[in-house]
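Examination of the molecular architecture
One-letter residues, chain by chain:
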Amino acid sequence: MILSASSLIRLEDVRAANQQAWYQAYLAGLDERIEPLVDRVAAAGYDTFVVTADVPVPPNRENNIRNGFQVPLEITPRVFWDTITHPDWLLNTWARTVFNHGMPHFENMDAKRGPPVLSKNLMRNIGSRDQLAWKHVELIRKRWRGKLVVKGLISPEDARLAREHGCDGVMVSNHGGRQLDYTVSGLRTLPEIAAQKGSMTVMMDGGIRRGTDVIKALALGADFVWIGRPFLYGAVVAGEAGVARAISLLHAEIDRDLALLGIRSLKEITADLVRKY
Ligand SMILES: Cc1cc2nc3c(=O)[nH]c(=O)nc-3n(C[C@H](O)[C@H](O)[C@H](O)COP(=O)(O)O)c2cc1C
């Protein structure tokens, strides 16, 4: 289980329900906020601490503006209308959450519970991420005894720095292309990053939709891949069963694609399966 800092569920509760747990941080670049957070995550018994590095400032998501979604959440006429015309969501998601846990808060941005999602101070509280620097990775490395991963790297130079700062792994990612227009895709720089890996694990995400996408990433140097939106879409359509269905589709595709490539297992995937024209 990997838990995001922006989750509304307390990280301690997630850890209790899972054998293996990763915590993903959105860090303000301030030592006095990072140190107590690292201590809280360690005390909760997490295995891996992930620092997301590619969201230093909020992106300009025009689709969110068009759809009337904003942070902090504001009850506009459109949000109000959407809410009352989705009674299932209103009762089974919103009302159940408020009844069981109170008004949703960002629970895990800091050592202490963050502001409610409707708070006007929300952005001030989660701000200052543009001050985040390698010295903070160094600080975490000294304090954190578990595995340390930096997520959101695209350049081989940053992978080298991650290795030199004692990281156990990197997640090559451009945040699913949701941050910066014209960002190069992780797949393009993956071979050069893999060349910098040393003993680090190289993970990759972004645009993995088919079995062949997984195979391409592994051929180009990823040890394994992560998948974002396809599983979210599965969850939206049918909850846990929807995610299970998305996993099984992908599993069947990988299995079939390996056979069509004439190989029997992931271990037999080699770089020469990919042609660059
Ligand atoms: C709705 C949504 C929320 C996300 N939230 C986070 C987050 O809190 N932390 C993070 O590191 N990445 C976050 N991401 C980025 C994903 O971790 C991942 O890098 C990206 O979705 C991968 O691309 P894909 O969706 O094409 O598979 C989010 C992505 C989406 C679509």
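Before reading further, recall that the structure is shown in the block above.
Report follows, based on the coordinates. (Residues numbered from 1 in each chain as written. Predicted model: local features only at pLDDT ≥ 70, side-chain atom pairs only at ≥ 80, totals over all residues. Heavy atoms only, no water.)

Some thoughts on the overall build of the protein chain
Convention followed: Helix and strand definitions follow DSSP, with helices as H or I runs of at least four residues and strands as E runs of at least two, each counted in order from the N terminus. What the globule rule says is 2.2 Å times the number of residues to the power 0.38, and the radius of gyration is computed from C-alpha atoms. In this scheme, a residue with accessible area under 20% of its type's maximum is buried, one over 50% is exposed, and one in between is partly exposed, where area comes from a 1.4 Å probe on protein chains only. Contacts were defined at the residue level, with two residues in contact if any of their heavy atoms lie within 4.5 Å. Each accessible area is a Shrake-Rupley result for a 1.4 Å probe, and residues are judged covered by the shown protein chains and nothing else. Positive: Lys, Arg. Negative: Asp, Glu. His and the chain ends are not part of the count. Charge coordinates come from a single atom per side chain, which is NZ of Lys, CZ of Arg, CG of Asp or CD of Glu.
The secondary structure content of the protein chain amounts to eleven helices and seven strands. Expected size for 277 residues packed as a compact globule is a radius of gyration near 19 Å; at 20 Å, the protein chain falls within 12% of this value. Taken along the three principal axes of its C-alpha coordinates, the protein chain extends 55 × 45 × 40 Å. Here the protein chain holds 277 residues, and 38% of them are scored as buried. Here the analysis covers contacts within the protein chain between residues at least 6 apart in sequence; of these, 62% occur between residues at least 24 apart. Of the roughly 16300 Å² that the protein chain leaves accessible, carbon and sulfur atoms contribute 56%. Each charge class in the protein chain was averaged separately, 35 positive and 31 negative side chains, and the resulting centres sit 1 Å apart.

Concerning the sheet that holds strand S2 (residues 22-25)
This is how it is decided: For two strands to count as paired, DSSP must find a minimum of two bridges between them.
Spatial ordering of the open sheet is given by S1-S2-S3-S4-S5-S6-S7, a layout of seven strands whose pairing is parallel. A strand with exactly one partner marks an edge of an open sheet, and here the two such strands are strand S1 (2-4) and strand S7 (224-225). Inspection of the sheet shows S1 paired to S2 by three bridges, in the parallel sense. Opposite Ser4, over in S2, you have Gln24 as the bridge partner.

Comments concerning the side chain of Glu107
Topologically, Glu107 is positioned in the loop between helix H5 (87-101) and helix H6 (122-126). Not counting the four nearest positions on each side in its chain, Glu107 is found in contact with Ser7, Leu8, Ile9, Arg10, Arg40, Lys112, Arg113 and Gly114.

Re unusual backbone geometry
Unlike most non-glycine residues, His175 shows phi in positive territory, near 65 degrees. Position of His175 among the secondary structure elements: in the loop between strand S5 (169-172) and helix H9 (186-195). Using a relative accessible area of 12% as the deciding quantity, one classes His175 as buried. Positive phi is not limited to glycine here, since Tyr182 has a value of about 70 degrees.

Thoughts on the environment of Met1
In this fold, Met1 is placed in the segment before S1. The sequence separation of Met1 and Ser173 amounts to 172 residues, and the corresponding C-alpha distance is 19 Å. For Met1, the contacting residues outside a window of four places in its chain are Val14, Asn18, Gln20, Ala21 and Trp22.

What about the packing of aromatic side chains?
Spelled out, the test is: Stacked, edge-to-face and tilted labels apply to pairs of Phe, Tyr and Trp rings (six-membered ring for Trp) whose centres lie within 6.5 Å, assigned for plane angles under 30 degrees, over 60, and everything in between, in that order.
Scanning the model with the defined rule gives six aromatic pairs in all. Centroid distance Trp89 to Trp94: 6.3 Å. Interplanar angle 25 degrees. Geometry classified as stacked. With a centroid separation of 5.9 Å and 55 degrees between ring planes, the pair formed by Phe224 and Trp226 is classed as tilted. Taken together, the ring pairs connect Tyr23, Tyr46, Phe49 and Trp144 into an aromatic cluster.

Here's the deal with the environment of Leu73
Among the structural elements, Leu73 can be located in the loop between helix H3 (62-67) and helix H4 (77-84). Each C-alpha atom of the pair Leu73 and Pro116 lies 9.6 Å from the other, and the pair is 43 residues apart in sequence. Sequence-distant contacts of Leu73, defined by excluding residues within four places in its chain, comprise Val117 and Leu118.

Structural notes on the pairing of S5
Stated formally: By convention a crossover is right-handed if, when the strands point away from the viewer, the path from the first strand over the helix to the second runs clockwise.
Alternating positions in S5 separate into two faces, Gly169 and Met171 on one and Val170 and Val172 on the other, with burial throughout. Relative to S5, strand S4 (residues 147-153) runs parallel, the two sharing four bridges. Looking across to S5, one finds that Leu153 is bridged to Val172. After leaving S4, the chain enters helix H8 (residues 156-164) and then returns to the sheet as S5, a path that is right-handed. Here S5 pairs with strand S6 (residues 201-204) via four bridges, running parallel.

Overview of the site of the ligand
Note the threshold: To be near a molecule or strand, a residue needs just one of its heavy atoms within 4 Å of it. Whenever two N or O atoms come within 3.5 Å, that pair is a polar contact, provided that in protein one can donate a hydrogen and the other can accept it, and provided that, for residues adjacent in sequence, both atoms are side-chain atoms. Amino acid classes used here: Ala, Val, Leu, Ile, Met, Phe, Trp, Tyr, Cys and Pro are nonpolar; Asp, Glu, Lys and Arg are charged; the rest, including Gly, are polar.
As a matter of local geometry, the ligand sits amid 18 residues, with Ser4, Thr52, Asp205, Arg209 and Arg229 nearest to it. Measuring from an oxygen atom of the ligand, one finds a side-chain N or O atom of Ser4 at 2.7 Å. In the model, a nitrogen atom of the ligand is placed 2.9 Å from a nitrogen or oxygen of the Gln24 side chain. Considering only residue class, the shell around the ligand consists of three nonpolar, ten polar and five charged.

Digging into the pattern of salt bridges
Stated precisely, the cut-off is as follows: In the sections that follow, a salt bridge refers to a side-chain nitrogen of Lys or Arg positioned within 4 Å of a carboxyl oxygen of Asp or Glu.
Applying the stated criterion across every chain, the model contains 15 salt bridges. Glu12 is the salt-bridge partner of Arg10, the closest N and O atoms lying 3.6 Å from each other. Across the pair Arg160 and Glu157 runs a salt bridge whose closest N-O atoms are separated by 2.6 Å. Taken together, the residues Arg160 and Glu157, both in helix H8 and three residues apart, mark about one turn of the helix. Using a relative accessible area of 42% as the deciding quantity, one classes Glu157 as partly exposed. What emerges from the salt-bridge pattern is a single network uniting Arg10, Glu12, Asp13 and Arg40.

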